[in-house]
Number of protein chains: 2
Amino acid sequence: MSKPQGARQPTIKEVANLAGVSPMTASRTLAGGRNVRPDLQERVMAAVRELGYFRNENARSLRPGQPSGLIGIAITNLANPYYGSFALGVEEVAAEHGRRIILGNTGEDVARERQLVSDFIGRQVDGLILVPTSGDAAHLRPERLGHVPLVLASRRVPGLDVDTVLLDDVGGSYRGTISLLDAGHTRIGFLGNRTSVFTGERRYRGFERAMTERGVPIDTAIVARDQQDVDAASRAARVMLDLDEPPTAIFSANNRNSIGALREIGRRIRDGLPGPHPSMVSFDDFELSELMPVPVTVIDHDARLLGREAATLLFARLDDDTAEAARTVELPVTIEYP
Amino acid sequence: MSKPQGARQPTIKEVANLAGVSPMTASRTLAGGRNVRPDLQERVMAAVRELGYFRNENARSLRPGQPSGLIGIAITNLANPYYGSFALGVEEVAAEHGRRIILGNTGEDVARERQLVSDFIGRQVDGLILVPTSGDAAHLRPERLGHVPLVLASRRVPGLDVDTVLLDDVGGSYRGTISLLDAGHTRIGFLGNRTSVFTGERRYRGFERAMTERGVPIDTAIVARDQQDVDAASRAARVMLDLDEPPTAIFSANNRNSIGALREIGRRIRDGLPGPHPSMVSFDDFELSELMPVPVTVIDHDARLLGREAATLLFARLDDDTAEAARTVELPVTIEYP
DNA sequence: CAGCCTGTTGGTAACGTTACCAACCTCCAC
DNA sequence: GTGGAGGTTGGTAACGTTACCAACAGGCTG
């Protein structure tokens, strides 16, 4: 009375019996109907409709070598709009290839990443797409992955030679910094991620290169590289701007830091603190940047395209298994001046 | 030379042979090791490590009645940050219950939704969470779903009596509109979605209720209810603000319309058009709303919590299959004044 | 010491799919 | 008309898991 609540799913045998054919013919019909007489197909499909049968997609991958039609994705933070768009890009290309995605959020936790990846492989995914967390990456070596193809996105993993899609972090940061220098700024603050984060390192490098090239010294008092969230970024900006010699411009290496810095700048304007308030360059776009109270130059990129490229690399690897060397695609960024 | 490129996955038999036990014992060990002698478990695990075996999660759900550990989610637009957070909320709760999510993007296309749902069921998902598209919903009736539990989020589907999580759209819009009326506005524009979109209808209703209650007439010349994207919203705002009697405040029923309206307002300010420029109420938060050139009241909500609640409803249904009536959870919204 | 319970191990079957093989049909060319 | 080709149908096996049953050991109680 209590257990068989949920109206059991019909079996393929029941479908076959109702249609008056063998389970083989029923199964073949579900598989596309090659070499099955049209009238029998019709009877099978009628039985399928009547009983509400769904072809079991999991059973297909039971046989070794058969694709499951699943792509596993692990990203670091799905709440970040960029990663949502990234996942969408992957999903689109996967759908074009008749695949579905299994999605997991790592939250920058290596243990969770390891767990997700092994679960994905246990579900017989045809491929993996990861935004890797920074940490030990032994669990991502090909033999540990059962040789399931892997594509990395946004970040590279040291010692792991696999297909990768990246942004032009260095070039974008370089050009953004140059635009500040061209505008006459010589005292430029830097807000960014920990050095251990791949993009944090690269974006700092672009900043550094532009400064060095123009012979402008980098003052470590206005370089803050340890903010992961908006509030920490606000505090770092506040410290910088309270100095006796505050920066006249701030380079922010990502979205979270840009929002935090602008919150602090907005607060200072509202509180009537004396200016001039710093100009900004933000790596990562955010909406309504043109309405900010200080000029904001935006280094923008297309996260959805990044996802599409990652998936495209993966399917290229799946379709053509010639063991050519790992490929890296570096997507351009665009700079939008205020 | 060309085919067997990808180093075949080992079979359970190979693991069993290497460990010197029967496949049964190997399988039991992978399943948790109940009633298996510790030393045999150790030998099996050693063989698993050596061969790189992964327990096949798909094979489990082959037997009818066995859970697959998968939850299917279909949402309308993953690029919308709210839905990314929503998916994250679902993923978190699913992970807490040892489940993974399969994710699909419908893009408001009913055919795609139908296709996704039937694929999910074919993959033996234990449950479904949908942000339904507005359209024919015959494919969502329980018997068409093989009686897989379904939870709807954000929107209800007419004639479908299932567990649902909603926002307090009506109450939030009502209170937001009241705040404009309290501030003395009597000429209030409305920007929103098509009436056929569930939330569009509800949010208009809250707006209407507040206006009617205070006896303020609604002028259809400043009501625009057909914008789905930012650009359309900008154009609609422009038309409104170019009238001889422009609104002194605008109520925007969602994120996309708020951004569009503010772009247009920003443009007018930059171009030096005469004010006063309209105040705004925005259903849906967006970052840096406090830095806008006009006062913006925000009706905010927690999309991640919405996802968590949807998943919680689903797991309640899965754990306790007493066929109690469908439940609706309506989450509160918060109003942040400028 | 007989009987029984428990823990351990293996065997078998079933789930749905696909690969392979066997049997049968029709149809056409010779 | 005979033979072969090709289409159609069913059977069998295999994949890995879990439910069930059987067999056996060891230890316990009466």
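Since the model is a prediction, treat every value here as computed from it, not as a measurement.

Enquirer: Looking at this model, I keep getting lost on the pairing of strand β1 (residues 70-75) of chain B. Mind explaining?
Expert: Strand residues, when the strand is regular, have side chains that alternate between the two faces of the sheet. Residues and elements named next belong to chain B. In terms of burial, β1 is a largely internal element, 6 of the 6 residues being buried. On β1, burial covers both faces: Leu70, Gly72 and Ala74 on one face and Ile71, Ile73 and Ile75 on the other are all buried. The handedness of the β1 to strand β2 (residues 100-105) crossover, carried by helix α5 (residues 81-96), is right-handed. Looking at chain direction, β1 and strand β3 (residues 127-130) are connected through 4 bridges and run parallel.

Enquirer: What is the right way to read the protein's contact with DNA strand D from this model?
Expert: In the neighbourhood of DNA strand D, 25 residues make up the surrounding shell, with A:Thr25, A:Arg28, A:Arg37, A:Leu40 and B:Arg63 lying closest. Across the atoms of DNA strand D situated within 4 Å of the protein, the share located in sugar and phosphate is 65%. Between DNA strand D and the protein, one listed contact pairs a base nitrogen with a side-chain N or O atom of A:Arg28 at 2.6 Å. B:Gln66 places a polar side-chain atom, nitrogen or oxygen, 3.2 Å from a sugar or linking oxygen of DNA strand D. Broken down by secondary-structure element, the contributors of at least two residues to the surface near DNA strand D are α2 (23-30) of chain A together with α1 (12-19), α2 (23-30) and α4 (57-60) of chain B. Its residues assigned to classes, the surface near DNA strand D comprises 11 nonpolar, 7 polar and 7 charged.

Enquirer: Explanation requested: helix α6 (residues 110-122) of chain B in the structure shown.
Expert: Along an α-helix, a turn takes 3.6 residues, which lines up residues three or four apart on a common side. Helix length check: α6(B), at 13 residues, gives a terminal C-alpha distance of 18 Å against a target of 18 Å (1.5 Å per residue), a fit within 8%. Within α6(B) the residues assigned to the buried category are B:Val110, B:Arg112, B:Glu113, B:Leu116, B:Val117, B:Asp119, B:Phe120, B:Ile121 and B:Gly122. Residues of α6(B) that are buried make contact with α4 (57-60), α5 (81-96) and β2 (100-105) of chain A together with β1, β2 and β3 of chain B.

Enquirer: Honestly, the protein's contact with DNA strand C in this entry has me stumped. Any pointers?
Expert: Surrounding DNA strand C, one finds 25 residues, the nearest of these being A:Arg63, B:Thr25, B:Arg28, B:Arg37 and B:Leu40. When atoms of DNA strand C within 4 Å of the protein are split into backbone and base, the sugar-phosphate part holds 64%. The side chain of A:Arg55 places a nitrogen or oxygen atom 3.2 Å from a phosphate oxygen of DNA strand C. Among the elements of the structure, α1 (12-19), α2 and α4 of chain A together with α2 of chain B are those that each provide at least two residues to the surface near DNA strand C. Among the elements that line the surface near DNA strand C, the one with the most residues is α2(B), at 3 residues. For the surface near DNA strand C, the per-class residue count stands at 11 nonpolar, 7 polar and 7 charged.

Enquirer: When you look at the packing of aromatic side chains in this model, what are you seeing that I'm missing?
Expert: Centre distance and the angle of the planes are the two values used to describe a pair of aromatic rings. Applying the stated rule across the entire model yields 10 aromatic pairs over all chains. Aromatic side chains A:Phe190 and A:Phe251 sit 5.5 Å apart centroid to centroid with 10° between the ring planes, which places their arrangement in the stacked category. Residue A:Phe190 is located in strand β6 (residues 188-191), and its partner A:Phe251 is located in strand β8 (residues 249-252); the two are separated by 61 residues in the primary sequence. A:Phe251 gets classed as buried once you look at its relative accessible area, which sits at 0%. Here B:Phe207 and B:Phe251 contribute two aromatic rings whose centre-to-centre distance is 5.7 Å and whose plane-to-plane angle is 40°, an arrangement assigned as tilted. Residue B:Phe207 is located in helix α8 (residues 198-213), and its partner B:Phe251 is located in strand β8 (residues 249-252); the two are separated by 44 residues in the primary sequence. Of the two residues examined, B:Phe207 and B:Phe251, each falls in the buried class.

Enquirer: How do you make sense of the environment of A:Leu128 when you look at a structure like this?
Expert: Residues and elements named next belong to chain A. Looking at the secondary structure, you find Leu128 in strand β3 (residues 127-130). Sequence separation between Leu128 and Ala311 is 183 residues, and the spatial gap between their C-alpha atoms is 9.2 Å. Ignoring anything within four residues of it in the chain, the contact list for Leu128 reads Gly72, Val117, Phe120, Ile121, Leu145, Val148, Pro149, Leu150, Val151 and Leu314.

Enquirer: What should I look at first to understand the sheet that holds strand β7 (residues 223-224) of chain B in this one?
Expert: Think of a sheet as strands paired side by side through backbone hydrogen bonds, with each pair either parallel or antiparallel. Residues and elements named next belong to chain B. What the 6 strands build is an open sheet, ordered β7-β6-β8-β9-β10-β12; its pairing is mixed. Sheet topology places β7 and β12 (334-336) at the edges, where each strand pairs with a single neighbour. As paired elements, strand β10 (residues 296-300) and β12 share 3 bridges and run antiparallel to each other. By the bridge assignment for β12, Val298 is matched with Glu336. Strands in contact with helix α9 (residues 230-241) are β6 (188-191), β7 and β8; relative to β6, the strand with the most contacts, it is inclined by about 160°.

Enquirer: Is there a simple way to think about the pattern of salt bridges in this case?
Expert: A side chain with one charge can pair with a side chain of the opposite charge if their charged atoms come near. Following the criterion strictly, the structure yields 54 salt bridges over all chains and no others. Taking the shortest distance from any N to any O, the salt bridge between A:Arg55 and A:Glu57 comes out at 3.8 Å. Looking at A:Arg55, the relative accessible area reads 24%, which means it is partly exposed. A residue is classified by how much of its surface remains accessible, and A:Glu57, at 14% relative accessible area, is buried. In this structure, B:Glu91 and A:Arg112 form a salt bridge, with 3.1 Å as the shortest nitrogen-oxygen distance. Here A:Arg112 lies in helix α6 (residues 110-122) and B:Glu91 lies in helix α5, a pairing that spans two chains. Here the two residues B:Glu91 and A:Arg112 agree in accessibility, since each one is buried. Members of the salt-bridge network, linked through shared partners, are A:Asp242, A:Glu264, A:Arg267, A:Arg268 and A:Asp271.

Reading the values: rules and limits
- Residues numbered from 1 in each chain as written.
- Chains lettered and ligands numbered in written order.
- Predicted model: local features only at pLDDT ≥ 70, side-chain atom pairs only at ≥ 80, totals over all residues.
- Heavy atoms only, no water.
- Buried < 20%, exposed > 50% of the residue type's maximum accessible area, 1.4 Å probe, protein only.
- Helix = DSSP H or I, 4+ residues; strand = E, 2+ residues; numbered from the N terminus.
- Right-handed = clockwise from strand over helix to strand, strands pointing away.
- Pairing = 2+ DSSP bridges.
- Near = heavy atom within 4 Å.
- Polar contact = N/O pair within 3.5 Å; in protein donor to acceptor, adjacent residues only side chain to side chain.
- Nonpolar A, V, L, I, M, F, W, Y, C, P; charged D, E, K, R; others polar.
- Expected span 1.5 Å × (residues − 1).
- Contact = heavy atoms within 4.5 Å.
- Phe/Tyr/Trp six-rings, centres within 6.5 Å; stacked < 30°, edge-to-face > 60°.
- Axes fitted to C-alpha atoms, helices over the stretch in contact; angles between N-to-C directions.
- Salt bridge = Lys/Arg side-chain N within 4 Å of Asp/Glu carboxyl O.

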